[in-house]
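# A look at the structure
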Amino acid sequence: MGKKLYRSQTDKKIAGVCGGVAEYFGIDSTLVRLGWILFTFAGGSGILAYIIAWIIMPDGN
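Residues numbered from 1 in each chain as written. Predicted model: local features only at pLDDT ≥ 70, side-chain atom pairs only at ≥ 80, totals over all residues. Heavy atoms only, no water.

## Re the packing of aromatic side chains
To describe a pair of aromatic rings, you give the distance between the ring centres and the angle between the ring planes. Inspection of every chain in the model, using the stated rule, returns 3 aromatic pairs. A centroid spacing of 5.0 Å and a plane angle of 90° characterise the contact between Tyr24 and Phe25, whose relative ring orientation is edge-to-face. Owing to a relative accessible area of 27%, Tyr24 belongs among the partly exposed residues under this scheme. Looking at Phe25, the relative accessible area reads 55%, which means it is exposed. With centroids separated by 5.5 Å and ring planes inclined at 85°, the aromatic side chains of Trp36 and Tyr50 adopt a geometry described as edge-to-face. (Phe/Tyr/Trp six-rings, centres within 6.5 Å; stacked < 30°, edge-to-face > 60°. Buried < 20%, exposed > 50% of the residue type's maximum accessible area, 1.4 Å probe, protein only.)

## With respect to the environment of Gly19
Within the secondary structure layout, Gly19 lies in helix H1 (residues 17-25). Separated by 31 residues in the primary sequence, Gly19 and Tyr50 have C-alpha atoms spaced 12 Å apart. Apart from the residues within four sequence positions on either side, Gly19 is in contact with Ser8, Asp11, Ser29 and Arg33. (Helix = DSSP H or I, 4+ residues; strand = E, 2+ residues; numbered from the N terminus. Contact = heavy atoms within 4.5 Å.)

## Regarding the pattern of salt bridges
The final tally for this structure, using the stated rule, is 2 salt bridges. A salt bridge links Arg33 to Asp11; the shortest N-O distance between them is 3.2 Å. Residue Arg33 is found in helix H2 (residues 29-43), and its partner Asp11 is found in the segment before H1; the two are separated by 22 residues along the sequence. Note on Arg33: relative accessible area 18%, which makes it buried. Relative accessible area serves as the criterion here: at 25%, Asp11 is assigned to the partly exposed category. (Salt bridge = Lys/Arg side-chain N within 4 Å of Asp/Glu carboxyl O.)

Given below as structure tokens:
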């Protein structure tokens, strides 16, 4: 069965979105968080993308 994208319950600062993305891709969550911050400062849509991901991504078990 394939991998599924969930919000992390153990590696979270706000909602677990970055932790979940990091677990899915097998990378360090700090890199995902830094990327998300750069994405936010580059165009400003990072915050909106985070909120949408928070709503769409299910909780991890």
